[in-house]
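# Architecture at a glance
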Amino acid sequence: MALVLVVRSEELGIGYEHDEGVAWVVEDLDLEVEHGVVTCLIGESGCGKSTIGNAISGLLPPYARTYGRLVVADRVVIDGDKMNFTGVRGKVVVRIAQDPASALNPYLTIGEQLSTAIRTHFPGLSEHDVRSKALELLSDVMLGEDVYDRYPHQLSGGMKRRAAIALALAPEPEVIVADEPTSALDAYLKYAVASLLKKLQREWELTLVFITHDVSIARYICDQVVVVYAGRIVEEGASPRCLESPSHPYLELLLKALPKRFSKDRLADIPGMPPRPGMYPTGCKFHPRCPYVFERCRQEEPPIIKAGDRLVRCWRYYEQSLT
Amino acid sequence: MSSLPLRSTIEDITSLLTRTWRKRPGFRVSLIIMIVLFTVAALGPYIAPYPRQGLGVEIDVTNALLPPSPKHILGTDSLGRDVLSRVLFALGRGLYQSLVVVAVSLVLGIVVGSFTALAPRSIEAVVSYVIELLLALPSILLAALLAILLGGTATSITVALIVTWFPWYARVSYLQARGLRELDFVRIPLYYGLSRAYVVVKHIGPNILAPMIVEALSDMGSVVLEISSITFLFGIGIGSFEEPDLGMMVANGLRDLVRAPWVFTAPAAILALIAIVFTVFGEAVYEEHHPILRRRWWLWF
Amino acid sequence: MSSPLLKIENLHAFYTVPLGGLRYGYRKVWALKGVNLDVFPGTTLGVVGGSGSGKTSLIRAILGFLRPAKGRILFRGMDISKLDRRRRMEIVKEIGYVPQEPSQSINPKMTIKDSIAEPLRPLGLSKEDIEKRIGVVMEMLDLDRSVGRMLARELSGGMLQRVAIARAIILKPRLLLLDEPTSFLDISTQAQILNILRDLKEELGLTYVLVSHDIDVVSYISDRIAVMVSGKVVEEGVAEKILREPLHPYTSILLNPEGVAREISIANSETDLCPIRSWCPLRMKKCSTEPPPAVKIDNEERTVLCWHYTT
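Owing to the predicted nature of the structure, the values given are computational and were not obtained by experimental measurement. (Residues numbered from 1 in each chain as written. Chains lettered and ligands numbered in written order. Predicted model: local features only at pLDDT ≥ 70, side-chain atom pairs only at ≥ 80, totals over all residues.)

## A short note on the overall build of chain A
Of the regular secondary structure elements, chain A holds nine helices and 14 strands. Compactness check: chain A gives a C-alpha radius of gyration of 21 Å against a globular reference of 20 Å for 323 residues, within 12% of the reference. Along the first, second and third principal axes, the C-alpha atoms of chain A reach 70 × 50 × 45 Å. For chain A, contacts bridging at least 24 residues in sequence account for 62% of all contacts bridging at least 6. (Helix = DSSP H or I, 4+ residues; strand = E, 2+ residues; numbered from the N terminus. Rg over C-alpha atoms; globule rule 2.2 N^0.38 Å. Contact = placed C-beta atoms within 7 Å.)

This is the structure:
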């Protein structure tokens, strides 16, 4: 299969306007997502991963400011400071929020909600076709036909979540952006949601952008790993392998800070806190917390460097890349 | 050390006001007019051309119902008193009265509301019912009743309005305090054996003060109107016919509306101005404060 | 072995919730349905479970926020749910509490110093004494002196959680109840807090009850682990053994959630029957008729609530 880029950003910057100016959350982002892969955006809170997700799904608030370009499914949605998501948002790209069940209207049956969505996106379908399409969607998310005539309150939490995912799939999107869909769930439910998304992604040949802070879920679901720190990509790999053998110091420390089941070794202390948007340090954004810091890191921001099977934004790999 | 929380509340309020100032032209206009109104009200007794007439201790029947002239800029009323002086005195009293009503109701409401939220269940239920009962009471009738009991003075109106206004604040602060009482920073001091009074003063009060002040700011206009409508309808609350009061003046002016419209127009215009300005001010602050309408850019990460 | 510092016997507790809809009235929702636990001095008991398993209710019951309907909570042999006020205040000094969400446990309108010193207030200590003790705990938690004058809203979640721990240990308690102390924090801050907790335990000889939904967090500092489902402890034993060889099917799923990858139901009904009987791989006929017994295995070292292990 030819390499088809579904999402491509070129030096994309996103910031939010506030009383004193613009806080740039994401800066100089070059992100490429191929068709039919699961890309995980991993990062801690405030690193800008949700902002990237909102930009791809066209859900930036009106006071967001941008520069650079963002192309989603061959359509330029962000060009400089202009945004145009018409025809993309909710059609080509859909977003699944942390609590997808909140997208359901409690006063309409699941069937009514699904068929309304189908009719909106596929005008001209006969009533019979709309119904059979809705039932198909339900079976795709492993819900029975009886759910069609039920109201949301008659479903369990897990069923509601799946019904809401079916609703999100009604426009037959190409890209799904799932923003922390597993974060408030119990361990076994996390994997249930993740495996359902993975199954849908495979069956529908979708591109899934999965935003999470949970490394174990990322390891379970993703093809491509993108680690975000202070609004930029610090490490990117085409396989979950970089979660086993990290290159960037940030990812390395992050993985060492996770408690391991059978080891009582002291967890890594990453000193300090992630910088807040608008207050990013000069040079490498991780240098104030980095154990390997040297002079160059403080002065100059490293470019993204190809190191082996992945891309890393760290001066330590610069020499290596020249040879 | 304890001044810091208070300072943070003041900071909250001032930052809210400056933000509203920057964003809302209506707020700017109304705030300026409010400041002018308050200044005029404060200076009223000193700048009034006929202070004794304004106060109502002197009448001049020979000059009754004169049209506006350089001598009496807004004319005179049926007892020959200078309308401008009357309005200046009445404005001060009205604003002062409504400030007292709002401030006392606010403090009383916060205290009652937050103690109710922490009280044992039976007391909580009883006080909530009493608050609701008071809310159902029409302030005008209560004012009439109190006027009979206390004698028709301005105090009876103030008391009547406080009795009917504070339940609103009590209810709002009760609901807010009820949300707070489930939080750990309220539960932990109680766990360590600190008193309810301590928790109300240190934890609940400071956390509901700022939103309650916003609530109160948007209510000032209604209080002025309510006071005036009581005096307009009943003429009570005034020790004697002579005392200056906007509602009363409107009522009296109405009788000579055809012969001398200026007697009615001046106090009515001032009342309308107060009502509009206070409402615009209050609405702007309230909308700006309301979290749903606020731009919270940091929530988008 | 020494006698337990905290002993929980057959603890039952419920919440009242409105019936909902247009009906008036309340119904009982049982949060704890017969919990038995022993916590020995100087050890950490980790309590793991999903949402609605009753693990937070357990902490709330020990603190007295939730009144036990049946059963006893014994601290140093005294039933703390039935003490008069004066005796209770003595006990309270020995049990510290670190709540779940730091932003809700520290008053945003109070200085950090006042928040930390709050438990000292009823004691009537002198000003210098209070200052000294604040200084000691702040140093223990690596909190800078200047932080004391700040307000809670100026601090990040990790800093606030340190403040909450400082407040919990200022009375020099023997037992610390930790309710999901890291679930609202990022990975890097979580590691900082877990390291601090481990150091404090050594330094002060504390006993912990740590509640969490994350079994890896629990395993990092626990000596024993109790697994809770729907108001009951289904498995309890030495941490190492439970992690290596889980006996109860629910524990296996907690340890290896990616192996399930489908939604399983936990029966949260009022019956005493096994909550996972609908999908349990080890299920027997008895499971749907009789409540499971507590089976002691490994020389009484381990308890499993399951019919499968009765012989």
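## Overview of the interface of chain B and chain C
Contact with chain B, which involves 18 residues of that partner, is made by 20 residues of chain C. For the side of chain B that touches chain C, the elements supplying multiple residues, two or more each, are helix 1 (3-23), helix 8 (184-191) and helix 9 (196-217) of chain B. For the side of chain B that touches chain C, the element with the most residues is helix 8 of chain B, which contributes six residues. Residue classes in the side of chain B that touches chain C are distributed as eleven nonpolar, four polar and three charged. (Nonpolar A, V, L, I, M, F, W, Y, C, P; charged D, E, K, R; others polar.)

## A short note on the interface of chain C and chain A
The interface is formed by 26 residues belonging to chain C together with 27 residues belonging to chain A. Looking at the side of chain C that touches chain A, the elements that each hand over two or more residues are helix 7 (187-204), helix 8 (215-221) and helix 10 (249-255) of chain C. If you tally residues by element for the side of chain C that touches chain A, the top one is helix 7 of chain C, at six residues. For the side of chain C that touches chain A, a count of residues per class yields twelve nonpolar, nine polar and five charged.

## Here we look at the environment of A:Ile52
Assignment of secondary structure puts A:Ile52 in helix 1 (residues 49-56). Once you skip the residues sitting within four places of it in the chain, A:Ile52 turns out to touch A:Val26, A:Leu29 and A:Leu41.

## As for the sheet that holds strand 9 (residues 175-179) of chain A
Residue and element names in this part refer to chain A. Strand order in the open sheet formed by eight strands is 8-9-10-4-11-12-14-13, and the pairing between neighbours is mixed. One side of each edge strand has no neighbouring strand; the edge strands of this open sheet are strand 8 (93-96) and strand 13 (305-307). Averaged over all neighbouring strand pairs, the angle between strand axes comes to 25°, with direction disregarded. (Pairing = 2+ DSSP bridges. Axes fitted to C-alpha atoms, helices over the stretch in contact; angles between N-to-C directions.)

## Some details on the pairing of strand 1 (residues 5-18) of chain A
All names here are of chain A. Bridge count for strand 1 against strand 3 (residues 32-34) is three bridges, and the pairing is antiparallel. What sits directly across from Leu5, in strand 3, is Glu34. Here six bridges tie strand 1 to strand 2 (residues 21-29), and the two strands are oriented antiparallel to one another. Its bridge partner being in strand 2, Tyr16 is matched across the sheet by Ala23. Two successive antiparallel strands, strand 1 and strand 2, enclose a turn made up of two residues.

## Thoughts on the domain arrangement of chain A
All names here are of chain A. Domain annotation of chain A identifies domain 1 (5-92 + 173-322) and domain 2 (106-168). A C-alpha centroid distance of 32 Å is found between domain 1 and domain 2. With five residues of domain 1 in contact, the opposing surface of domain 2 contributes seven residues. Residues belonging to the side of domain 1 that touches domain 2 are distributed by class as follows: four nonpolar, no polar and one charged. (Domains from an automatic or database assignment.)

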